[in-house]
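Each chain, written out:
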Amino acid sequence: MLTVRDMMVREVIKVSPFATIREAMTLMKQHGVKSLVVEQQSEHDAWGLITYTNILKTVIAEDGDIDLLNVYDVCAKPVISVGESLGLRHVAALMSEHRVKRLLVLEDNRLLGFVTMDDIMAALFERMES
């Protein structure tokens, strides 16, 4: 059975919660990613996640200003997280139930990576072809 450990992305691009939306969008563009992990403010703080969808909802739908809004104003925090030994079947169920496309992978609140719906679908397609 495939687990989160087998599929997770370990190279995570992080952003400060105090960065502007423009700065977050610039990071996304530079790294070719659709989401950024929002850094903790202390070791006991929750991790966050900012995605294209968060930005679109705030900037386009609500006519927000990318230079006045901070990442913290727009991000999801806390986010749903999983451990690296969890089976992908359970991860897919969590994503479906909560209507999210990305989950952080944590161990004792230490960021290990993240897993995306696209990663799980790629694994499913690979299994179909073999």
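Just so it is clear, the structure is predicted and the values come from calculations on it, not from any experiment. (Residues numbered from 1 in each chain as written. Predicted model: local features only at pLDDT ≥ 70, side-chain atom pairs only at ≥ 80, totals over all residues. Heavy atoms only, no water.)

Would you mind going over the overall build of the protein with me for this structure?
Secondary structure assignment for the protein yields six helices and six strands. Scanning the protein from its N terminus toward the C terminus, one meets helices and strands in the order α-β-α-β-β-α-α-β-α-β-β-α. Expressed along its principal axes, the backbone C-alpha trace of the protein runs to roughly 50 × 35 × 30 Å. Relative to its 130 residues, the protein shows a buried fraction of 39%. For the protein, the proportion of contacts with a sequence separation of at least 24, taken over those separated by at least 6, is 58%. In the structure as shown, the protein presents an accessible area of about 8,300 Å², 51% of it carried by carbon and sulfur atoms. Each charge sign in the protein was given a centre, from 14 positive and 19 negative side chains, and these centres are 5 Å apart. (Helix = DSSP H or I, 4+ residues; strand = E, 2+ residues; numbered from the N terminus. Buried < 20%, exposed > 50% of the residue type's maximum accessible area, 1.4 Å probe, protein only. Contact = heavy atoms within 4.5 Å. Areas by Shrake-Rupley, 256 points an atom, 1.4 Å probe, with all protein chains shown as cover. Lys, Arg positive; Asp, Glu negative; His and termini not counted. Charge placed at Lys NZ, Arg CZ, Asp CG, Glu CD.)

Looking at this structure, how should I read helix H6 (residues 117–129)?
An α-helical segment advances 3.6 residues per turn. Residues three or four places apart therefore align on the same side. Here H6 contains 13 residues, and its C-alpha end-to-end distance of 19 Å stays within 8% of the 18 Å for a straight helix at 1.5 Å per residue. Looking only at H6, the buried set comprises Asp-119, Ile-120 and Ala-123. Taken around the axis of H6, the buried residues stretch over an arc of 100°, which confines them to a single face. Every exposed residue of H6 that faces more than 90 degrees away from the buried side is listed here: Asp-118, Met-128 and Glu-129. (Expected span 1.5 Å × (residues − 1). Arc of directions from axis to C-beta.)

For this particular structure, what's the right way to read the pairing of strand S6 (residues 110–116)?
Counting buried positions along S6 yields six of seven residues, so the element is predominantly enclosed. The antiparallel pairing of strand S5 (residues 102–107) with S6 creates a hairpin that spans two residues between the two strands, and Asp-108 there sits at a positive phi of about 55°. (Pairing = 2+ DSSP bridges.)

Could you clarify how one ought to interpret a nonpolar patch on the surface in this entry?
Taken together, Met-117, Met-121, Leu-124, Phe-125 and Met-128 make up a surface patch of nonpolar side chains, about 470 Å² in accessible area. Looking at the secondary structure, you find Met-121 in helix H6. (Patch = residues over 30% accessible without salt bridge, like charges linked within 9 Å, V, L, I, M, F, W, Y side chains within 5 Å. Salt bridge = Lys/Arg side-chain N within 4 Å of Asp/Glu carboxyl O.)

Which parts of the structure should I look at to understand the nonpolar core?
Of all hydrophobic cores here, the largest spans 15 residues; its most connected members are Val-15, Ile-21, Leu-36, Val-38, Ile-50, Ile-55 and Val-71. If one sorts the elements of this core by residue count, helix H2 (residues 21–31) sits on top with three residues. The residues contacting Ile-55, other than those within four sequence positions of it, are Ile-21, Met-25, Met-28, Ile-50, Ile-60 and Val-74. Judged by nonpolar contacts, the second largest core, of 13 residues, contains Val-4, Met-95, Leu-112 and Ile-120. (Core = buried A, V, L, I, M, F, W, Y, C linked by side-chain atoms within 4.5 Å.)

Geometric values such as these leave the question of function open.
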